[in-house]
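# Analysis of the macromolecular model
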Amino acid sequence: MEDQHQAPPLIELTGLRKSYGGQEGEPSVEILHGIDLTIRAGEFVAIVGASGSGKSTLMHILGCLDRASAGIYRFSGQDISSFAADELAWLRREAFGFVFQGYHLIRTLDASHNVQVPAVYAGTPVESRQERAQALLERLGLGERGGHRPGQLSGGQQQRVSIARALMNGGHVILADEPTGALDSQSGVEVMALLRELADAGHTIILITHDPAVAAQARRVVRISDGRIVEDRGASRPEAAAAPSLDTRHFMAHMAQGVAHGASWLADVREALGSAWKTLWVSRFRTLLTLLGIVIGVASVIVLMAVGRGASEDMLQKMAAFGNTHRMSIRPDTYGTRGLRSVLTEADVRLVREVPNVDIAMPFLTGNAMLRANATDASTALWSMGHEGARLFNWKLARGMFFSAEDEARIATVVVLGKTVSERFFAGQNPVGQYVLLNSVPFRVIGELAETGEPDGDNLVAIPFATASRRVLGTPYPGLIQVKVHDPERISQTVADLTEVLIQSHRVKDFAVANNPARAKQQNEAARQQSLLLALIAGISLVVGGIGIMNIMLMAVKERTREIGIRMATGARQRDIQRQFITEAVMVSVVGGVVGVVIGLIVGVVLIAWDVPVIFSIRAMLLAFGCAVATGLVFGFMPARQAARLDPVVALAGE
Ligand code: ADP
Ligand code: MG
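Residues numbered from 1 in each chain as written. Chains lettered and ligands numbered in written order. Predicted model: local features only at pLDDT ≥ 70, side-chain atom pairs only at ≥ 80, totals over all residues. Heavy atoms only, no water.

The next point concerns the UniProt feature "transmembrane region" (unreviewed entry) in the chain. Using the residue numbers shown here, the UniProt feature "transmembrane region" (unreviewed entry) corresponds to residues 288–308, 532–557, 585–610 and 616–638. Spanning residues 532–557, this segment combines 100% helix with 0% strand, and its end C-alpha atoms are found 37 Å apart. Taken end to end, residues 616–638 has its terminal C-alpha atoms 35 Å apart, with 91% of it in helix and 0% in strand. (UniProt positions renumbered as here; feature names shortened; annotations may be inferred. Helix = DSSP H or I, 4+ residues; strand = E, 2+ residues; numbered from the N terminus.)

Shown next as C-alpha cells:
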C-alpha cells in the first residue's frame, strides 16, 4: 500500500479541452469543456454518455491519437503535451491497445498478421511474434483462423482478432470504443466477458459505450454529457483486483531507449518488403498496368541503345575493312568563273607526300582496257596506282606479289589480277608468270589478289600508274591522288595542311578533297545522336512510368487512409509508414526494371536472329534499371510522405 501511494496515477487529466475548426475562417467548436479525470493502473472504467457527447473524442486524446486543445494530460506522471510524434507512437504501441467498434483490421492481412502488426513496429523478432499471435488467437478461441482474412471472419471473430492485436505488445491499457456496438448480443456478451477477464488479470480497461447496461459491467462508471463529466461512480473504491500490469513508477523511463530502438534496419526492410508485396499482389492488375510503363521504358532504352550501337559499330567495321577510316582522295575540280578544268600532277603527289600525318600519297587513275589472255578477250576495269596501292586498299595477295617501287621506276609492264578476272581468264590456274595483253601491250602477271569483299575490288586489274599513263591510258595526269593518313583523329588538320600546300603550288583552289574518315566520323556522330534521341524517348517513357507509380501510390494512400490510421494506432512511427510506401513504389519499379531488362534482352536476341546488328551494353542496362528504380524512389516519395504525415485520428476516420 505504501508503494501505491508513491506511484503516480496512470492517467491524470486536468482542465482538458478540445475544440475543432477555428482555421480558415471556420468557427471553432468546443467539444470537451474542461475534463478532470484520474485513472489508476488496473482500473476497469466505463465512460458512458449519449451519442455525440464527446466520448470518442476523449478516447482519441487518451490514446494519444489526438492532442488536446488545452489542459494537461499526464501519463504515468509525465505531461505528454511536449511529446514528439515518434514518442507518442512509442506510447501507443507500448502502453495502449485499441479495440474499435468497426474492428479496424487491415483487409489485406490475415488474422495472424493483423495481430502481429503492433509487434512489427516494436521490433519483435518474427518467430516470437508469430508464436505469440498464435497463442493469443488460441486464447480467444480463434486458433484455427490465423490464416483467414478479415473478410472471411464474422463480426464477433473480427472483434476478437482486434482484442488479440490490442494484447500483442502487452495491452496494459485497453481502450475499447463501443466494442460491442456492431456485434450480435451473444458475441457482445463474449467480448464483455473477455474484457472483464483481462481486467482481472491486471490490464487497465477503459470502455466507452452509450449503453448503460454494458457500462454497468465495469467497476467504475464515468458519465459524460455534452463534453463534461457529470457523474463518477466507484472512483474512490480501492482496487481489490490483481496487481496492475503496468508499473507507473518506471514505465516512462523506458521511453528514450524505446523510441530510438525499433526493429533492426534489415528486419524493417524485410517487413516492409513483405507487406508491400502483399498489397501489390492484392491489387495486382492495377500494379501490372503501372508496371507496363516502366517495363516499356526500360526495355526500349536497352533495345534502342543496342541497335544504335550495333548499327554504328557495323558501319565502322565495314569501313575499317576497306581501309576507309584512314583514307581520302584529292580530285581535280573546276575553278574560276568560266569553269576551267584543272589537272593534278605527279609533282602534286610528291608535295602531298611531304605533308605531316600523310602515310601514303599516290597517283591513281582508272579506265578500261581490252584484256586478252588464254585466247579470251574482254573489256576490264584497269586501276593504275603507286606501289603502295595494296596497303592503301587493304588488299591481300592470294598469289605472287604486288608491284614494287622499282617496277614503278622502270615503267615495268607488270599486272596484278583481281580475283574475278583471274578466275575468268585462268579458270583457277595459277596466272603468275603468264603473259596477258592490255590494249595489245604485253604484261607479265606478277600477282593475284585475294577476295576483297567488294565486287568492284575483285573485278579489276592493277598496274603501276607510270606504266598506265605512258603505255595504256595515254595521259600523264592522275585522275585522283589517293591519300592514307597515320592518325585519322588528326585528319582535319591534315586536310587543311595539304590544301594549303596545293594552293601554294597551283595559286588557285582547283581541287577537292573527299574526306572519308571525316564523313565516317560525321555519320558515326549522327548515329550517336540518333541513339541519344531514341534514349531520350525511352527516358520519357520512364518518366511516364514514374508518374504512373506516383498515381497508383497516391491512390493507395487515399484508399488505404484507414489502414495507415490503424498502423499508426498500433504504434507505427511516421518513418515506418513512409518506408512502407516507398518500399511499395520501389518494389513496383524494381519488378518493372527486371521485367524490362529481360524483355529488352529477348527483343535484342530476336533482332539478332533477324540479322540486325545488335550490341548489348551492360552500361545501358544498368542505366535503364537504375533510372527505373530512381523513378520509383522519386515518384514514390511524395505519396509516402503524404501518408506518413497523416494525423492518426483523421486517418482512422478516413475511408
Ligand atoms: P461520441 O463518441 O460520444 O458519440 P464524438 O466524440 O465522436 O461523440 O463527437 C463529439 C462531437 O464532436 C460530435 O458533435 C461530433 O460532431 C464532433 N466531432 C467529432 N469529430 C469532429 C471533427 N473531426 N471535426 C469537427 N467536429 C467533430
Ligand atoms: Mg463515438
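As a further point, take a nonpolar patch on the surface. A cluster of nonpolar side chains, namely Trp277, Trp281, Val591, Val595, Ile599 and Val603, defines an oily patch on the protein surface of about 500 Å² accessible area. For the nonpolar patch, the elements supplying multiple residues, two or more each, are α10 (265–282) and α21 (574–609). At four residues, the largest contribution of residues to the nonpolar patch is made by α21. Mapped onto the secondary structure, Val595 falls in helix α21. Since its relative accessible area comes to 34%, Val595 is described here as partly exposed. (Patch = residues over 30% accessible without salt bridge, like charges linked within 9 Å, V, L, I, M, F, W, Y side chains within 5 Å. Areas by Shrake-Rupley, 256 points an atom, 1.4 Å probe, with all protein chains shown as cover. Salt bridge = Lys/Arg side-chain N within 4 Å of Asp/Glu carboxyl O. Buried < 20%, exposed > 50% of the residue type's maximum accessible area, 1.4 Å probe, protein only.)

On to the nonpolar core. Counting 79 residues, the largest nonpolar core has Tyr73, Phe75 and Leu91 as the members making the most contacts within it. When residues in this core are grouped by element, the largest group, eight residues, is from α21. Mapped onto the domain boundaries, this core takes at least three residues apiece from domain 1 (11–263) and domain 2 (268–314 + 522–652). When residues no more than four places from it in sequence are discounted, the contact partners of Phe75 are Leu10, Ile11, Ile80, Leu91, Ala95, Phe96, Val173, Phe251 and Met252. One finds Leu140, Ala164, Ala166 and Ile174 within the second-largest nonpolar core, a separate group that totals 36 residues. (Core = buried A, V, L, I, M, F, W, Y, C linked by side-chain atoms within 4.5 Å. Domains from an automatic or database assignment. Contact = heavy atoms within 4.5 Å.)

Next up on the list: the site of ligand 1. Near ligand 1 you find Tyr20, Ile31, Ala50, Ser51, Gly52, Ser53, Gly54, Lys55, Ser56 and Thr57, and these make up its full shell. One of the backbone nitrogen or oxygen atoms of Ser53 is found 3.3 Å away from an oxygen atom of ligand 1. In the model, an oxygen atom of ligand 1 is placed 2.8 Å from a nitrogen or oxygen of the Lys55 main chain. In isolation ligand 1 offers 560 Å² of accessible surface; the protein chains occlude 54% of this area. Among the elements that make up the shell around ligand 1, the one with the highest residue count is helix α2 (residues 55–62) (three residues). Taken together, the residues that form the shell around ligand 1 break down as three nonpolar, six polar and one charged. (Near = heavy atom within 4 Å. Polar contact = N/O pair within 3.5 Å; in protein donor to acceptor, adjacent residues only side chain to side chain. Nonpolar A, V, L, I, M, F, W, Y, C, P; charged D, E, K, R; others polar.)

Our next topic: the sheet that holds strand β2 (residues 29–39). Taken in spatial order, the four strands line up as β2-β1-β4-β5 in an open sheet, and their pairing is antiparallel. The two strands at the open ends of the sheet, each matched to only one other strand, are β2 and β5 (78–79). Where strand β1 (residues 11–20) and strand β4 (residues 70–75) come together, five bridges link them in antiparallel fashion. Across the sheet, Thr14 pairs through a bridge with Ile72, a residue of β4. Here α2 sits on the sheet and contacts β1, β2 and β4; the angle it forms with β1, its principal contact strand, is near 120 degrees. (Pairing = 2+ DSSP bridges. Axes fitted to C-alpha atoms, helices over the stretch in contact; angles between N-to-C directions.)

Here ten bridges tie strand β14 (residues 358–373) to strand β15 (residues 376–385), and the two strands are oriented antiparallel to one another. Each residue of the ladder has a partner; that of Ala369, found in β15, is Thr380. In textbook terms, the turn of a hairpin is the stretch between consecutive antiparallel strands, and for β14 and β15 this stretch comprises two residues, one of which, Asn374, has a positive phi near 50 degrees.

Right, let's get into the domain arrangement of the chain. Under the domain assignment, the chain is made up of domain 1 (11–263), domain 2 (268–314 + 522–652) and domain 3 (343–507). One C-alpha centre belongs to domain 2, the other to domain 3; they are set 60 Å apart.

Another point: the pattern of salt bridges. Scanning the model with the defined rule gives 22 salt bridges in all. For Asp576, the salt bridge goes to Arg573, with nearest N and O atoms at 3.0 Å. Residues joined by salt bridges that share partners form a network here, namely Arg560, Glu563, Arg567 and Glu584.

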